[in-house]
Amino acid sequence: PRSLGAIVVALASVSYLGYWLLKLFGARVGPLLFGLAGGLVSSTTLTLSAARISRRDPRLAQPLAVSAAVANAVMLVRILVVAVVLAPDLALRLLPAFVAALAASVAAIAVLSWRSAGEGLPEDIARHIEAPVPIGESVLMALLVTGVAAAAGLAREAFAEQGIVAVAAIAGLADVDAITITASRLAASEGEAILTTAGLAVGTAAAVNLAAKSGLAFIVGGTGYGIATSVALAVTGVAGAAVLAVT
């Protein structure tokens, strides 16, 4: 429980730090660092906020897609960091797949950056990102982790290890931190016996999360932003899934 509380507070603090980086520097840092800071706040928030801006001004679709791709790369790094802290063996199991996913993400970001060279972002873009409340974020994350852990336990009793993966897929539609913490705690307590299932659960949640954001990018952001963002996220997810399947 103590390590859970520490990681929950740390994630909330990172979100708050990202928000203030956005407020302090705004669009002056460009699409790459806007995506980096936004990813610290929430990759989902950044992706959706960028989609809304793109809908209003389609000329910004490409640089905003760069920001969204960077934010989701940050999400992958967050997953690995949580796993390293809570379950190093799980982090090692995930490392090849996540390195592949990050490499694919960097390649996609490079292509998008090249295509959007010279296109900046509005100076007031940071106002579209809502401020996280550290205490509220911590409580919400704790509730999510508790709920996901309970659901995973029930699903495991009913459907064995496959139940954990099913819960991960559902949880991944909205969030990856909760299932990452849940899977990491399982791996830390049960060891080698659950490592494969825990790794598959985290990978499934990440893949579903990327797919869900791709759909939202189209629906909310329009064709230009939707295509650019979904291609970047699809390349990332496929690369990670392919390596996870063979390791």
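Cut-offs used in this document
Residues numbered from 1 in each chain as written. Predicted model: local features only at pLDDT ≥ 70, side-chain atom pairs only at ≥ 80, totals over all residues. Heavy atoms only, no water. Helix = DSSP H or I, 4+ residues; strand = E, 2+ residues; numbered from the N terminus. Contact = heavy atoms within 4.5 Å. Areas by Shrake-Rupley, 256 points an atom, 1.4 Å probe, with all protein chains shown as cover. Salt bridge = Lys/Arg side-chain N within 4 Å of Asp/Glu carboxyl O. Buried < 20%, exposed > 50% of the residue type's maximum accessible area, 1.4 Å probe, protein only. Core = buried A, V, L, I, M, F, W, Y, C linked by side-chain atoms within 4.5 Å. Expected span 1.5 Å × (residues − 1). Bend = angle between axes of the 7 residues up to and from the residue. Patch = residues over 30% accessible without salt bridge, like charges linked within 9 Å, V, L, I, M, F, W, Y side chains within 5 Å. Polar contact = N/O pair within 3.5 Å; in protein donor to acceptor, adjacent residues only side chain to side chain. Axes fitted to C-alpha atoms, helices over the stretch in contact; angles between N-to-C directions. Parallel < 35°, antiparallel > 145°, perpendicular 65-115°, else oblique. Left-handed = near helix turned anticlockwise from the far one by under 90°. Nonpolar A, V, L, I, M, F, W, Y, C, P; charged D, E, K, R; others polar.

Let's shift gears to the overall build of the chain. Within the chain one finds 10 helices and 0 strands. In sequence order, the secondary structure elements of the chain are arranged as α-α-α-α-α-α-α-α-α-α. In the chain, 81% of the contacts between residues at least 6 apart in sequence involve partners at least 24 apart. Summed over all atoms, the accessible surface of the chain reaches about 11100 Å², with 71% contributed by carbon and sulfur.

Right, let's talk about the pattern of salt bridges for a bit. Within this structure, the stated rule accounts for 3 salt bridges. With a closest N to O distance of 2.8 Å, Asp 177 and Arg 78 form a salt bridge. Taken together, the residues span a long stretch of sequence, with Asp 177 in helix α8 (residues 177-190) and Arg 78 in helix α4 (residues 61-86) at a distance of 99 residues. Of the two residues, Asp 177 and Arg 78, both sit in the buried class. With its nearest N and O atoms 3.2 Å apart, the salt bridge here joins Glu 192 to Arg 93. With Glu 192 in helix α9 (residues 192-221) and Arg 93 in helix α5 (residues 88-115), this residue pair connects regions lying 99 residues apart in the sequence.

This part covers the environment of Ser 67. Within the secondary structure, Ser 67 is located in helix α4. The spacing of Ser 67 and Thr 229 is 162 residues in sequence and 9.2 Å in space, taken between C-alpha atoms.

Counting 35 residues, the largest nonpolar core has Ile 79, Leu 90, Leu 94, Phe 98, Ala 187 and Val 202 as the members making the most contacts within it. Tallying contributions element by element places α9 first for this core, with 8 residues.

This next bit is on α5. Compared with an ideal rise of 1.5 Å per residue, which puts 28 residues at 40 Å, α5 spans 38 Å between its outermost C-alpha atoms and is within 8% of the ideal. The axis of α5 is deflected most strongly, by about 45 degrees, at Leu 95, and proline Pro 96 appears within four residues downstream. For α5, the full list of buried residues reads Leu 90, Ala 91, Leu 94, Ala 97, Phe 98, Ala 101, Ala 104, Ser 105, Ala 108, Ile 109 and Leu 112.

Attention now moves to the side chain of Thr 229. By the secondary structure assignment, Thr 229 is in helix α10 (residues 223-246). What makes Thr 229 buried here is its relative accessible area of 1%. Beyond its immediate chain neighbours, meaning those up to four positions away, Thr 229 contacts Ala 65, Ala 68 and Ala 217.

A few words now on a nonpolar patch on the surface. Side chains of Leu 216, Phe 218, Ile 219, Ile 227, Val 231 and Val 235 sit close together on the surface and give an oily, nonpolar patch of about 510 Å² of accessible area. For the nonpolar patch, the secondary-structure elements that each account for two or more residues are α9 and α10. Note that Ile 219 resides in helix α9.

A few words on the environment of Lys 213. Inspection of the secondary structure assignment puts Lys 213 in helix α9. Sequence separation of Lys 213 and Ser 230 is 17 residues, and the distance between their C-alpha atoms is 7.7 Å. Beyond its immediate stretch of four places on either side in the chain, Lys 213 contacts Ser 43, Thr 44, Thr 47, Asn 72, Met 75 and Leu 233. At 2.7 Å, the side chain of Lys 213 forms a polar contact with the side chain of Asn 209.

A few words now on helix α3 (residues 43-56). Look at α3: 20 Å from first C-alpha to last across 14 residues, which is about the 20 Å you get at 1.5 Å a residue. The complete set of buried residues in α3 reads Ser 43, Leu 46, Thr 47, Leu 48, Ser 49, Ala 50, Ala 51, Ile 53 and Ser 54.

Structurally, Gln 62 can be placed in helix α4. On the accessibility criterion, Gln 62 (16% relative accessible area) is buried.

Turning our eyes to something else, we now look at the packing of α4 against α8. α8 packs onto α4 with a crossing angle of 25 degrees between their chain directions and a minimal axis gap of 9 Å. In terms of axis orientation, α4 runs roughly parallel to α8. Note on packing geometry: the crossing formed by α4 with α8 is right-handed. Between α4 and α8, the residues in contact are Arg 78, Ile 79, Val 82, Ala 83 and Leu 86 and Asp 177, Thr 180, Ile 181, Ser 184, Arg 185 and Ala 188, respectively.

At a minimum axis distance of 8 Å, the contact between α3 and α9 shows a crossing angle of 20 degrees. When the axes of α3 and α9 are compared, the pair comes out roughly parallel. Note that α3 runs across α9; the crossing there is right-handed. For the pair formed by α3 and α9, the contact residues are Ser 43, Thr 44, Thr 47, Leu 48, Ala 51, Arg 52, Ser 54 and Arg 55 on the first element and Asn 209, Lys 213, Leu 216, Phe 218, Ile 219, Val 220 and Gly 221 on the second. Of the residues assigned to the contact of α3 with α9, the class counts are 6 nonpolar, 6 polar and 3 charged.

Spatial relationships are all this shows, so hold off on functional conclusions.
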